[in-house]
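Examination of the molecular architecture
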Amino acid sequence: MDQYKRLFGIDFKKSVISSKGLPLYISARRSFYKLSYSGIEFILVELPPDEKFGVVAFKKQANQITAKYGMPVAFAFENMSRAQRDSMINQNIPFISESGQIYLPFLGIALQNTFYDTTIIMAQKMMPVTQALFLYMLYYNETKPLIKKEAAAKIGVTQMSITRASEQLSAMGLVSQERRGKETYMHATANGTQWYEMAKPYLINPIQRTITTTMEKWYMSYPLSGESALASRTMLNRPRIETRAVFKNLVDLKNLQVVDTRWESYRDVIVLELWKYDPNLFSKNGAVDPISLVKCYENNVDERIEGAIEEYLEEKQW
């Protein structure tokens, strides 16, 4: 939904709808949603990454879906080529793709001249959703095969996002994928510490931004991070200002007051780390997970912090 808000300035409400009554070739392996905002409504059909239909079929399917729901329909692709884009536009078929191609004639048009090469999966660093998927498998599902659909529900992202994340983990040699009927299963390629060591070069710092702000009581529900997390588990002294982590999408920056600690009492302020994925997914006993915390300090040169991190990691037995 962030893509729509960024391009059109509209924060659509998204709700799952039933595809019952549509032919199986239209509904199978697809997800159907209704997007609405201030009287504007349309159907969004998320397609599997291996979708085989051509533009003529999409034209017929769009007409059938529109007839059923009584509103416009757009198809959501994971990626698309220039030829695919041009064909869809020529047939006036609305679409979006995660690579940034958007054609919604009933709202407006936003197109980018960048295209994704489906034969190349960039493996230099993990995307935030890729790291969230890796951590979920490491902490909760390491030795068992994980269904993509289940992973999407646990992490709170779309199946399209999980597909991109699993492809990146596969390109990094961290997972193998197996198709069983309609489901795709992911398997870790190693166990425990060995798997973590394989992933270390690709892991990212989860912090997008750090803000010092006035204390609010609900901030206490966020997990401890930084030196506050280390102090909660090790012999490190607690910092004067507490640090907590929160998913960036949960913070309203417009209403967040940034303060200067030189002019505020330490008891009245807090440091908030805005994370690229939800730290609550993997927090334990009120503090962020060890691996994410390690990445927060990847450029640290303080021996005091380094020793505390090693102690913090010892609590995780792989």
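Anyway, here's the lowdown on the structure attached to this text.

Procedures and definitions
- Per chain, the residues get numbers from 1 upward, laid out in the order the sequence is written.
- Whole-chain, interface and lining totals are the exception, using all residues; otherwise, since this is a predicted model, local features are given only for residues with pLDDT of at least 70 and side-chain atom pairs are given and counted only at 80 or more.
- Heavy atoms throughout the structure, all of them, feed into the side-chain values; hydrogens and water do not.
- Under this scheme, a helix contributes an axis fitted over its contacting stretch, all axes are lines through C-alpha atoms, and angles between N-to-C directions fall in the 0 to 180 degree range.
- Only DSSP runs of H or I reaching four residues or more are called helices, and only runs of E reaching two or more are called strands; each is numbered from the N terminus.
- Roughly parallel here means an angle under 35 degrees, roughly antiparallel means over 145, roughly perpendicular means 65 to 115, and every remaining angle is called oblique.
- Note on definitions: a residue-residue contact is assigned when non-hydrogen atoms from the two residues lie within 4.5 Å.
- Three residue categories are used. Nonpolar comprises Ala, Val, Leu, Ile, Met, Phe, Trp, Tyr, Cys and Pro, charged comprises Asp, Glu, Lys and Arg, and polar comprises the others, including Gly.
- Buried residues of nine kinds, namely Ala, Val, Leu, Ile, Met, Phe, Trp, Tyr and Cys, make up a nonpolar core once their side-chain atoms join them within 4.5 Å.
- For each residue, the accessible area found with a 1.4 Å probe, counting protein chains only, is set against the maximum for its type, and the residue is called buried under 20%, exposed over 50%, and partly exposed in between.
- When charges are counted, Lys and Arg are positive and Asp and Glu negative, with His and the chain ends excluded.
- Note on definitions: salt bridges are taken to be side-chain nitrogens of Lys or Arg within 4 Å of carboxyl oxygens of Asp or Glu.
- Pairing between strands is defined by DSSP: at least two bridges between them are needed.
- We call a crossover right-handed when, viewed with the strands running away from us, the connection from the first strand over the helix to the second turns clockwise.
- Arc definition: it is the arc formed by the directions from the helix axis to the C-beta atoms.

1. Re the packing of helix H5 (residues 128–140) against helix H7 (residues 159–171)
- Two elements in contact, H5 and H7, have axes whose closest approach is 8 Å; the angle formed by their N-to-C orientations is 75°. Here H5 is positioned roughly perpendicular relative to H7, judged by the angle of their axes. Facing H5, whose interface residues are Val129, Thr130, Leu133 and Phe134, H7 presents Ser161, Ile162, Ala165, Ser166, Gln168 and Leu169.
- Looking at the contact of H5 with H7 residue by residue, the classes come out as six nonpolar, four polar and no charged.

2. Regarding the nonpolar core
- Met126, Leu133, Phe134, Trp195 and Leu230 are the most contacted members of the largest nonpolar core, which has 46 residues in total.
- When residues of this core are traced back to their parent elements, those giving at least two are H5, helix H6 (148–155), H7, helix H8 (192–199), helix H9 (226–233), helix H10 (290–296) and helix H11 (303–313).
- What Leu133 contacts, discounting residues up to four positions off in sequence, is Leu146, Ala151, Ile155, Ile162, Ala165, Ser166, Leu169 and Met186.
- By size, the runner-up hydrophobic cluster in this structure holds 19 residues, among which are Ile43, Tyr69, Met71 and Met88.

3. Some thoughts on the side chain of Glu273
- Its place among the elements puts Glu273 in strand S13 (residues 269–275).
- Buried and without a salt bridge, Glu273 has Arg244 as its closest oppositely charged side chain, separated by 11 Å.
- With sequence-adjacent residues up to four places away left out, Glu273 is seen in contact with Ile207, Arg209, Thr210, Ser225, Gly226, Thr243, Arg244, Ala245, Val246 and Cys296.

4. As for the pairing of strand S3 (residues 40–46)
- Among the seven residues of S3, five are classified as buried, and the element is accordingly described as predominantly covered.
- Where strand S2 (residues 31–37) lies against S3, seven bridges are found, and the strand directions are antiparallel. Following the sheet pairing, Ser36 is matched in S3 by Glu41.
- Handedness of the crossover joining S3 and strand S4 (residues 73–77) through helix H3 (residues 55–69) is recorded here as right-handed.

5. Comments concerning H8
- Every buried residue belonging to H8 is among Gly192, Trp195, Tyr196 and Ala199, and all of these are buried. Buried residues of H8 fall within an arc of 100° about the axis and therefore sit on the same side.
- On its buried face, H8 is in contact with H5, strand S9 (175–180), strand S10 (183–188) and H10.

6. A few points about the packing of H5 against H8
- One can describe the packing of H5 onto H8 by two numbers: an axis separation of 11 Å at closest approach and a directional angle of 170°. Regarding the angle of H5 to H8, the classification is roughly antiparallel. Facing H5, whose interface residues are Phe134, Met137 and Leu138, H8 presents Gly192, Trp195, Tyr196 and Ala199.
- A class-by-class count of the residues in the contact of H5 with H8 yields six nonpolar, one polar and no charged.

7. Examining the pattern of salt bridges
- Applying the stated criterion to the full structure yields ten salt bridges.
- Notably, a salt bridge pairs Glu242 with Arg244, separated by 2.8 Å at the nearest N-O pair.
- Under the relative-accessibility criterion, Arg244 is labelled buried at 8%.
- Across the pair Arg304 and Asp302 runs a salt bridge, and its minimum N-O distance is 3.4 Å.
- A relative accessible area of 29% means that Asp302 is categorised as partly exposed.

Interpretation note: all reported values are geometric properties and have no functional meaning in isolation.
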